[in-house]
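# Examination of the molecular architecture
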Amino acid sequence: MIALESLDLTNMTRSAKGSIESPGRNVAAKSGLNRALQDVALGRLAQWVLVKAEEVGRRACLVDPAHTSQRCARCVHTSRHNRPSRDEFTCQQCGHTAHADLNAAINIAERGRACETAWHQAGSPALPRRAPRIRRRRSTGTAEPEPATA
Ligand SMILES: [Zn+2]
């Protein structure tokens, strides 16, 4: 089973410019981050992970990303103070320390396992399949279905 955070990339890459009345802060840094996020095309990457997982019969869950980077993977204490820096995670309650990305990945995996358990408890229903997209050829105007991904 593969778990991915269900990130809202549209909001994540929104401009920090603000308005004339309330100008944004760190606009240059935010615009650089936006460019980096758009360069790696995270949405497209996530879509490919989901498609490839389905092709090989694996389940993939999109999980709620809320506080995955601030929640302690050991004791579940959640606080922004658990992140003294971008890379460090230090739980203010139990003292657990880890690389912040590793701690977040453990939280995401746990939500993925909960998603998997809920799916099994619901009787492992068949996953909805999207109808094949129709790809139109510009030159001839004829339509032909894309190969099935199942
Ligand atoms: Zn803790």
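Preceding block: the structure.
Quick caveat, the model's predicted, so the values are computed rather than measured. In this convention, every chain numbers its residues from 1, walking through the sequence in written order. Totals for whole chains, interfaces and linings use all residues, but because this is a predicted model, local features are given only for residues with pLDDT of at least 70 and pairs of side-chain atoms are given and counted only at 80 or more. In computing side-chain properties, one takes all heavy atoms of the structure into account and sets aside hydrogens as well as water.

### So, the environment of Thr78
Convention followed: Secondary structure follows DSSP: runs of H or I at least 4 residues long count as helices, runs of E at least 2 residues long count as strands, and numbering of each begins at the N terminus. Using a 1.4 Å probe on the protein chains alone, a residue whose accessible area is under 20% of its type maximum counts as buried, one over 50% counts as exposed, and one in between counts as partly exposed. Side-chain atoms alone can form a polar contact between residues adjacent in sequence; in general such a contact is a pair of N or O atoms within 3.5 Å, and within protein one must be able to donate a hydrogen while the other accepts it.
For Thr78, the position within the fold is in the loop between strand S2 (60-63) and strand S3 (88-90). Since its relative accessible area comes to 36%, Thr78 is described here as partly exposed. For Thr78, the side chain forms a polar contact with the main-chain oxygen of Val76, separated by 3.1 Å.

### Observations concerning the environment of Ala104
Note the cut-off: Should any heavy atoms of two residues lie within 4.5 Å, those residues are counted as being in contact.
Tracing the backbone shows Ala104 in helix H4 (residues 100-121). Expressed as a C-alpha distance, the spacing of Ala104 and Phe89, which sit 15 residues apart in the sequence, is 9.1 Å. Those residues in contact with Ala104 that lie beyond four places of it in its chain are Thr68 and Ser69.

### Quick notes on the state of the cysteines
To keep it simple, the criterion reads: In plain terms, two cysteine sulfur atoms within 2.5 Å form what is called a disulfide here.
Considering all chains together, one arrives at 1 disulfide under this definition. Each sulfur of the disulfide joining Cys61 and Cys115 lies 2.1 Å from the other. Handedness here is read from the sign of the S-S torsion; for Cys61 and Cys115, about -75 degrees, the answer is left-handed. Here Cys115 lies in helix H4 and Cys61 lies in strand S2, a separation of 54 residues in the sequence. Classification of Cys61 by relative accessible area gives buried; the value is 2%. On the accessibility criterion, Cys115 (27% relative accessible area) is partly exposed.

### A few points about the coordination of the zinc ion
Here is the rule: Atoms of type N, O and S within 2.8 Å of a metal are treated as its donors, and for Na, K and Ca the window is 3.2 Å; water is not considered, so some sites may appear to be missing partners. Site shape is set this way: if four donors have all angles between 85 and 135 degrees, tetrahedral; if opposite donors are over 155 degrees apart and all others between 65 and 115, square planar for four donors and octahedral for six; otherwise irregular.
Here the zinc ion is held by the protein donor atoms Cys72 (SG), Cys75 (SG), Cys91 (SG) and Cys94 (SG), which lie 2.3 to 2.4 Å from it. Classification of the site at the zinc ion as tetrahedral follows from its 4 donor atoms and the range of 106 to 113 degrees in their angles at the metal. Summarised as a motif, the one-chain spacing of the donors to the zinc ion is C-x2-C-x15-C-x2-C.

### Points about the pairing of S2
The two faces of a sheet get side chains in turn, since along a regular strand they alternate between them. To keep things clear, this is the line we draw: When DSSP finds two or more bridges between a pair of strands, those strands are recorded as paired.
Of the two faces of S2, only the one carrying Cys61 and Val63 is buried; Ala60 and Leu62 on the other face are not. Sheet topology places strand S1 (residues 2-5) next to S2; 4 bridges connect them, and they run parallel. Its bridge partner lying in S2, Glu5 is registered against Val63.

### Section: the environment of Ser6
Summarising the element assignment, Ser6 is placed in the loop between S1 and helix H1 (9-12). For Ser6, a relative accessible area of 38% corresponds to the partly exposed category. C-alpha separation for the pair Ser6 and Cys61, spaced 55 residues apart in sequence, amounts to 8.7 Å. Residues contacting Ser6, with those up to four places away along its chain left out, are Leu62, Val63 and Pro65.

### A look at the pattern of salt bridges
Stated precisely, the cut-off is as follows: A side-chain nitrogen of Lys or Arg and a carboxyl oxygen of Asp or Glu constitute a salt bridge if their distance falls within 4 Å.
Scanning all chains against the criterion turns up 4 salt bridges. Where Glu110 meets Arg71, a salt bridge forms, and the shortest distance between an N and an O atom there is 3.1 Å. Separated by 39 residues along the polypeptide, Glu110 in helix H4 and Arg71 in the loop between S2 and S3 bring together distant segments of the chain. Across the pair Arg86 and Asp87 runs a salt bridge, and its minimum N-O distance is 2.8 Å. Here Arg86 falls in the exposed class, since its relative accessible area comes to 61%.

### Side note on helix H3 (residues 42-55)
Residues that lie three or four places apart on an α-helix share one face, since the helix turns once every 3.6 residues. To be explicit about the condition: One less than the residue count of a helix, multiplied by 1.5 Å, gives the span that helix is expected to have.
Between its terminal C-alpha atoms H3 stretches 20 Å, which fits the 20 Å expected from 14 residues at 1.5 Å a residue. Once H3 ends, the next one or two residues include Gly57, with phi positive near 75 degrees.

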